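Examination of the molecular architecture
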Amino acid sequence: MTVLEDVDAILSYGDCCDACLGRFFGKRSHGLTNEERGRALRIARVIERHEPYVPPAGDCCICGGLFDSLDEWADRVVTALEELEYVTFLVGTRVPPLLAENEEMIWSDLSLSHAEPMKSEMNREIGKRVSAKTGRVVDFKQPEIVVVLDIANRAVDVQRSPLFIFGRYRKLERGIPQTHWDCRACRGAGCERCNFTGKQYPDSVEELIGLPISTTLRADGAVLHGSGREDIDARMIGTGRPFILEVVGPRKRTIDIPALERAVNESAAGRVEVNLVRPAARSEVETLKSSRSHKKYRILVEVDGVLSDDAIESALSALRGVTIQQRTPARVAHRRADKVRDRTVLDIQYLGREGAGVLVEVLGEAGLYIKELISGDGGRTRPSFAQEVGMPARVTRLDVVLVQDPTEEENHGTSQRSAEEDAV
Ligand SMILES: [Zn+2]
Ligand SMILES: [Zn+2]
């Protein structure tokens, strides 16, 4: 069949608009819009047959008039994006299946192999128009905004891509979890026990950092991805713990690092402190969470008995540089697989006495359980401080003083273990 015979066959299904007619041949020639192509085909047919030109009737049997309303759709998108800060965007289209079937039936009846689907013409034509009206740029790879045209409901859905910020935090107060926990009693619904907040703890590091930032960027919320986590009762001091904050659905995208840092440090003063370093990419989150960094802890140890400085020193030197066998601690056994792990105590130093306690600094391989290193965990951890001194011992205070930055320094971890295993 010649192209004009195909045109005759297509129009025998009913009159269609120039855009829909041209789209049946969309991949046959470039440099024309489908509408121009359709109009050219209609004219070629007139010239060959010496018939008068008849424009499309305006009641398209394929798109039902959708391609007559491109400017209207573009205006709808521009209005939906009015309040947003963005440079790049991408248009997607949800075509009702019944509409798509109109053209798909003709493709297969006539074995047309150069047709373009309705969806891709909509995406391109609306993208061009929005770009012309707003001066913003279509980006296929990493658009800041994705607009989905919901044809059936004559509506547009706007998806705002998240922003990522890399930094380090210090947690100066004990009792704050790293991320928000739903109330155990009501699972977040809100009840008397949680004072109808839905939360197990009133604050979290995630909220103390995330809230001022998501307020400034007019976002829907923020998620904190930490390079491991400290226990709720541990402080995180020293140079701080590396993290990436994911800002969800921001309406503003200008990241003024010093201003955001100030906003957090003022509102969380004395509790959490951040050093925001730079904007980050989504791909860095996985690296940060899966990398295993060494950590240094400062702990206060209490012993049931009296120990001389010499006894302490000799117990610590029996642990220094030694590989410890740790069976999953009793306190976490209900949520982690029961197995024995080998972890090395890279360094351990006696710092002196504090009250009745002994102050110790430990540099541990990633995943070393510090509390059990001291207590022995009923024999599940060997060797241990308690075993070496021959009397019960326990950690009564724990601070993390150093977490290596996995994105900036070489990672000395022996293997890629799950960050969930991060232990203190
Ligand atoms: Zn049409
Ligand atoms: Zn509750």
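**Side note on the nonpolar core**
If you look at the biggest cluster of nonpolar residues, it comprises 55 residues, and the most contacted ones within it are Ile165, Ile209, Leu245, Val301, Ile370 and Phe385. Viewed by domain, this core spans two of them, domain 2 (163-290) and domain 3 (295-421), each represented by three or more residues. The contact partners of Ile209, leaving out residues within four places of it in the chain, are Tyr169, Leu224, Leu245, Val264, Val272 and Val274. With 32 residues, the next largest nonpolar core counts Ala19, Phe25, Phe67 and Tyr86 among its residues.

**Notes on the domain arrangement of the protein chain**
For the protein chain, the assigned domains read domain 1 (3-160), domain 2 (163-290) and domain 3 (295-421). Computed from C-alpha coordinates alone, the two centres of domain 1 and domain 2 are separated by 45 Å. Taken together, the contacts link six residues of domain 1 with six residues of domain 2. Across the side of domain 1 that touches domain 2, the residue classes break down as two nonpolar, no polar and four charged.

**Details of the pairing of strand S10 (residues 323-327)**
Here S10 shows one buried face, formed by Ile324 and Gln326, and one open face, formed by Thr323, Gln325 and Arg327. By the bridge criterion, five bridges tie S10 to strand S11 (residues 340-354) in an arrangement that is antiparallel. Along S11, the bridge assignment pairs Gln325 with Asp342.

**Observations concerning the sheet that holds strand S2 (residues 137-138)**
Taking strand neighbours across the sheet as the criterion, the four strands line up as S2-S1-S3-S4 in an open arrangement whose pairing is mixed. Single-partner strands in this sheet number two, and they are S2 and strand S4 (155-160). Across two bridges, strand S1 (residues 88-94) lies against S2 in parallel orientation. Its bridge partner being in S2, Thr88 is matched across the sheet by Val137. Taken strand by strand, helix H6 (residues 118-134) contacts S1, S2 and strand S3 (145-150), and its axis lies near 145 degrees from that of S1.

**Looking at H6**
With 17 residues, H6 extends 24 Å from end C-alpha to end C-alpha; this agrees with the ideal 24 Å at 1.5 Å per step. Along H6, the residues classified as buried are Met118, Glu121, Met122, Asn123, Glu125, Ile126, Gly127 and Val130. Two residues or fewer past H6, Gly135 is found with a positive phi of approximately 80 degrees.

**With respect to helix H5 (residues 97-110)**
Helical geometry note: an α-helix holds 3.6 residues per turn, so side chains three or four residues apart project in the same direction. Between its terminal C-alpha atoms H5 stretches 20 Å, which fits the 20 Å expected from 14 residues at 1.5 Å a residue. Directly beyond the C-terminal end of H5, a positive phi value near 50 degrees is found at Ser111.

**Some thoughts on the pairing of S11**
With eight bridges joining them, S11 and strand S12 (residues 357-364) adopt antiparallel strand pairing. Of the residues in S12, the one forming a bridge with Gln349 is Glu361. Hairpin geometry of S11 and S12 is characterised by an intervening segment of two residues between the two adjacent antiparallel strands and by a positive phi of about 60 degrees at Gly355.

**Some details on the environment of Ala366**
Mapped onto the fold, Ala366 is located in the loop between S12 and helix H11 (370-375). With 26 C-beta atoms packed within 10 Å, Ala366 lands in the buried category. Residues Ala366 and Lys296 lie 70 residues apart in sequence; the distance between their C-alpha atoms is 9.8 Å.

**Notes on the environment of Ser314**
You can see Ser314 is positioned in helix H10 (residues 309-319). Exposure remark for Ser314: the 12 C-beta atoms within 10 Å place this residue in the exposed category. Residues Ser314 and Asp203 lie 111 residues apart in sequence; the distance between their C-alpha atoms is 42 Å.

**Examining unusual backbone geometry**
Cis geometry marks the peptide bond from Arg382 to Pro383, where omega comes out at -15 degrees. Assignment of secondary structure puts Pro383 in the loop between strand S13 (381-382) and helix H12 (385-389). Backbone geometry at Arg218 places phi at a positive 45 degrees, although glycine is not the residue there. Within the fold, Arg218 resides in the loop between helix H7 (205-216) and strand S6 (221-226).

Each value, and the rule that gives it
Residues numbered from 1 in each chain as written. Chains lettered and ligands numbered in written order. Predicted model: local features only at pLDDT ≥ 70, side-chain atom pairs only at ≥ 80, totals over all residues. Core = buried A, V, L, I, M, F, W, Y, C linked by C-beta atoms within 7 Å. Buried ≥ 20, exposed ≤ 12 C-beta atoms within 10 Å, placed from the backbone. Domains from an automatic or database assignment. Contact = placed C-beta atoms within 7 Å. Nonpolar A, V, L, I, M, F, W, Y, C, P; charged D, E, K, R; others polar. Helix = DSSP H or I, 4+ residues; strand = E, 2+ residues; numbered from the N terminus. Pairing = 2+ DSSP bridges. Axes fitted to C-alpha atoms, helices over the stretch in contact; angles between N-to-C directions. Expected span 1.5 Å × (residues − 1).

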